[in-house]
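So the chains spell out like this:
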Amino acid sequence: MTALGLLYPGHSGEDDYPRIEQLLGSDIRVDLVHTDIGVDAHRVDALREMGSAERLAAGVAELRLTGAETVVWACTSGSFVYGWEGAQEQVRALARQAGMPASSTSFAFVHAARELGVRRVAVGATYPEEVTALFADFLRAGGLDVVAVRSSGIVTAAEVGTWGEEEVLTLARAADTSGAQAVLLPDTALHTAAHIGLLEKALSKPVLTANQVSVWEGLRLADRRVNAPRLGTLFTREPIVQV
């Protein structure tokens, strides 16, 4: 059994994780611990507070009791708002507190793009433009070429959590461009686990979503590769380790 630990802020799109666990179809356990979201607002000040060391430390204490082997801060905006260096320090502090390998969803996007061998990406974000621009800057710091950006201007994670298949597909299509090798949808409040196959079929290219890459990142930290095609191209990479 490989046990993955995820720290998730508040309650919006967390039911993606049991679905992903089921689709992995192997000896993978995904343990989710909720952290205090504070003010539910896609504002830089609120997001920095949400990702503060104090809030994450409170979640780590509970996570250690689950037997998790790795920990991922499953919040894109609550990590990239610190910038590349600040997000690295956030992860280092998390690893020290948890006593296990750690990462965040923001780094997961960069690592997943590298895994797929893509560099030119399009971003379809639920966030306001100011916050979306910070994510694009983070990706560029990670060596990716952001060729298109689409912002939806949504202020709260609660509203994002109400989106269904139609809204997610519309966002992905609006973000896509012929120059992009992959489309990235960066919000863990967005339900996407059930739609990845549809998205990739509609766009004819890999689609990376926040909850998907968060789990993949936990597996990467645990040195696991699982073949789960219903979770998209990212989960069909070699070498395959399947029980």
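That block above? That's the structure.
Residues numbered from 1 in each chain as written. Predicted model: local features only at pLDDT ≥ 70, side-chain atom pairs only at ≥ 80, totals over all residues. Heavy atoms only, no water.

What about the sheet that holds strand S4 (residues 102–104)?
In step 1: With parallel pairing, four strands are arranged side by side in an open sheet as S2-S1-S3-S4. The sheet is open, and its two borders are formed by strand S2 (28–35) and S4, each paired with just one other strand. When the angles between neighbouring strand axes are averaged without regard to direction, this sheet yields 25 degrees. (Pairing = 2+ DSSP bridges. Helix = DSSP H or I, 4+ residues; strand = E, 2+ residues; numbered from the N terminus. Axes fitted to C-alpha atoms, helices over the stretch in contact; angles between N-to-C directions.)

Structural notes on the pairing of strand S6 (residues 145–151)
Put simply, side chains in a regular strand alternate between the two faces of the sheet.
In step 1: Across six bridges, strand S5 (residues 120–125) lies against S6 in parallel orientation. Looking across to S6, one finds that Ala122 is bridged to Ala148.
In step 2: Taken together, S5, helix H7 (residues 129–141) and S6 form a β-α-β motif whose crossover is right-handed. (Right-handed = clockwise from strand over helix to strand, strands pointing away.)

Structural notes on the side chain of Thr132
In step 1: Along the chain, Thr132 turns up in helix H7.
In step 2: Overall, the relative accessible area of 1% leaves Thr132 in the buried class.
In step 3: Engagement of the side chain of Thr132 in a polar contact is seen with the backbone oxygen of Pro128, the distance being 3.0 Å.
In step 4: Residues contacting Thr132, with those up to four places away along its chain left out, are Val123, Ala125, Tyr127, Val149, Arg150 and Ser151. (Buried < 20%, exposed > 50% of the residue type's maximum accessible area, 1.4 Å probe, protein only. Polar contact = N/O pair within 3.5 Å; in protein donor to acceptor, adjacent residues only side chain to side chain. Contact = heavy atoms within 4.5 Å.)

Notes on the packing of helix H9 (residues 165–175) against helix H10 (residues 196–203)
In step 1: Packing of H9 against H10 brings their axes to within 10 Å, and their N-to-C directions diverge by 35 degrees. Relative to H10, the crossing made by H9 is right-handed. Between H9, through Glu165, Val168, Leu169, Ala172 and Arg173, and H10, the contact on the second element is made entirely by Leu198, Leu199, Ala202 and Leu203.
In step 2: Within the contact of H9 with H10, the residues separate by chemical class into seven nonpolar, no polar and two charged. (Left-handed = near helix turned anticlockwise from the far one by under 90°. Nonpolar A, V, L, I, M, F, W, Y, C, P; charged D, E, K, R; others polar.)

Interpretation note: all reported values are geometric properties and have no functional meaning in isolation.
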